[in-house]
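# Geometric and topological summary
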Amino acid sequence: MSPTTRQVRDVAFIDGVRTPFGKAGGMYAETRADDLVVNCIRELMRRNPSLPPERIDDVGIAATTQTGDQGLTLGRTAAILAGLPRSVPGFAIDRMCAGAMTAVTTGASGIAFGAYDAIIAGGVEHMGRHPMGEGMDPNPRFMSEKLVDPSALVMGNTAENLHDRFPHLTKERADAYAAASQAKLAKAYADGKIQPDLVPVATRSKEEGWGLATVDEPPRPDTTVEGLATLRTPFRAHGRVTAGNAAGLNDGATAALLMDTETAAEFGLTPKMVLVSYAFTGVEPEVMGVGPVPATERALRQAGLTMDDIGLIEINEAFAVQVLAFLDHFGIPDDDPRVNAYGGAIALGHPLASSGVRLMNQLARQFEERPDVRYGLTTLCIGLGMGGAVVWKNPHHPDHQAETSADSREAAA
């Protein structure tokens, strides 16, 4: 008997949500990390009631520091806590800052292959409870055999190294970019662009009792370039990386619902994005911030596209210099309206493993507003010298709708 022939299926991003992001030690100080994820899973199911919970085939949840309330096979435990049927399996994943992105691409690969019809993928990081590197025990060979530069283990130092490698990426440019990110987020909030993706979270503290988190805690809308210029440079004397031109230490969770387009149609669900290609690549660990460049080049090459085809870009702002290196490589101006139109992690925060889906949420919302844009990109740098990138197609674009209609007619014939 010959094995069943499988055809690669189209994978759709159906919906995505996130908790408001908090400051480490801030509004989520007394909230468990796994409960943040549970809020996201429950909200996805509430928003998509036509999908029977038993039709979820897997739950992949990422965390960079997999210990305590971020451990114990987080995807499975969060699925049970969220009330999904016991038949729904789950798993945990770690690719540092690209954890949620990797959960999405891993699940999407299973959907494309036919192993799954629908999955939930996301990530969480409670940096207030579990600082990056908590309990870490790097193999001494890293240092003794000089496999990596010592600065590779401190992300702020890698950003300073990036300034060294590209001296034209000055602190002044980084500060200007950071101030613009804060301003764009403030405008997006004022225009109601951020709120639809947020899941309210009940909070508790000994001082204030019960509360409800409904908005992000990190933004500083009054940020100015002049104010940023006065901040200290903690990673190097007379350096260029500050708390103002880098993402902070944050708590938060994200989750996305993905399925093949036929299953989406079965349950009357409309795709917000369709996956085109993805790539992960490695770079020198001591300049990990350049990771999005080769990852994006590879993802574009796989898709048969160039950067000129990309109408919207969501790039994680771990550090302003990392974004500037990406923009310079592709000849994109610092203030290009395609880039992080709603602001980025410098303003919103970067709860490590959760950020990949936050990028996707913001791209999906822009796709709805911009049917003239056919392709978009989500990309980020990853600790220890990696980069990840995902190319998405806008299902609201006329060409995509025409292709879908043609495929339907062909299938019917």
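Residues numbered from 1 in each chain as written. Predicted model: local features only at pLDDT ≥ 70, side-chain atom pairs only at ≥ 80, totals over all residues. Heavy atoms only, no water.

Put simply, the rule reads: UniProt positions are given in the numbering used here, feature names are shortened, and annotations may be inferred rather than shown by experiment.
Within an unreviewed UniProt entry, the label attached to the protein reads acetyl-CoA C-acyltransferase, and the organism entered is Phytoactinopolyspora mesophila. Word for word, the UniProt comment on the protein under Sequence similarities (unreviewed entry) is "Belongs to the thiolase-like superfamily. Thiolase family."

### Side note on the UniProt feature "domain: Thiolase N-terminal" (unreviewed entry) in the protein
Quick reminder of the rule: By definition, any uninterrupted DSSP run of H or I lasting at least four residues is a helix, any uninterrupted run of E lasting at least two residues is a strand, and each is numbered from the N terminus.
Taken from the UniProt record, the annotation "domain: Thiolase N-terminal" (unreviewed entry) applies to residues 11–261. The distance separating the terminal C-alpha atoms of residues 11–261 is 6 Å; by composition the span is 31% helix and 20% strand.

### Let's talk about helix H9 (residues 292–303)
Just so we agree on the cut-off: Each residue after the first adds 1.5 Å to the expected span of a helix. Only protein chains enter the accessibility calculation, which uses a 1.4 Å probe. A residue is then buried if its area is under 20% of the maximum for its type, exposed if over 50%, and partly exposed in between. Working definition: the arc comes from the directions between the helix axis and the C-beta atoms, pointing outward to the latter.
Given a rise of 1.5 Å per residue, 12 residues ought to cover 16 Å, and the 16 Å separating the end C-alpha atoms of H9 matches this to within 8%. Listing the buried residues of H9 in full gives Pro 292, Val 293, Ala 295, Thr 296, Ala 299 and Leu 300. Along H9, the residues classed as buried sweep out an arc of 165° about the axis, all on the same side. Where H9 ends, the next residue or the one after it, Gly 304, has phi of about 70°, a positive value.

### Focus: the packing of helix H6 (residues 171–190) against helix H10 (residues 320–329)
In plain terms, the rule: Fitting a line to C-alpha atoms yields each axis, with helices limited to the stretch in contact; the angle taken between N-to-C directions then spans 0 to 180 degrees. Our angle categories are set so that under 35 degrees counts as roughly parallel, over 145 as roughly antiparallel, 65 to 115 as roughly perpendicular, and the remainder as oblique. Only heavy atoms enter the contact rule, under which two residues are in contact if any of them lie within 4.5 Å. By the convention adopted, Pro, Cys, Tyr, Trp, Phe, Met, Ile, Leu, Val and Ala count as nonpolar, Lys, Arg, Asp and Glu as charged, and the other residues, Gly among them, as polar.
Closest axis-to-axis distance for the H6/H10 pair is 9 Å, and the angle between their directions is 100°. In terms of axis orientation, H6 runs roughly perpendicular to H10. Residues Arg 173, Ala 174 and Tyr 177 of H6 pack against Ala 320, Val 323, Leu 324, Leu 327 and Asp 328 of H10. Each residue belonging to the contact of H6 with H10 can be placed in one class, and the counts come to six nonpolar, no polar and two charged.

### With respect to unusual backbone geometry
Phi is mostly negative for residues that are not glycine, and the peptide bonds are mostly trans. One non-glycine residue with positive phi stands out, namely His 238, at about 55°. Looking at where His 238 falls in the secondary structure, it is placed in the loop between helix H7 (225–228) and strand E8 (250–260). The phi torsion at Leu 352 lies on the positive side, around 20°, for a residue other than glycine.

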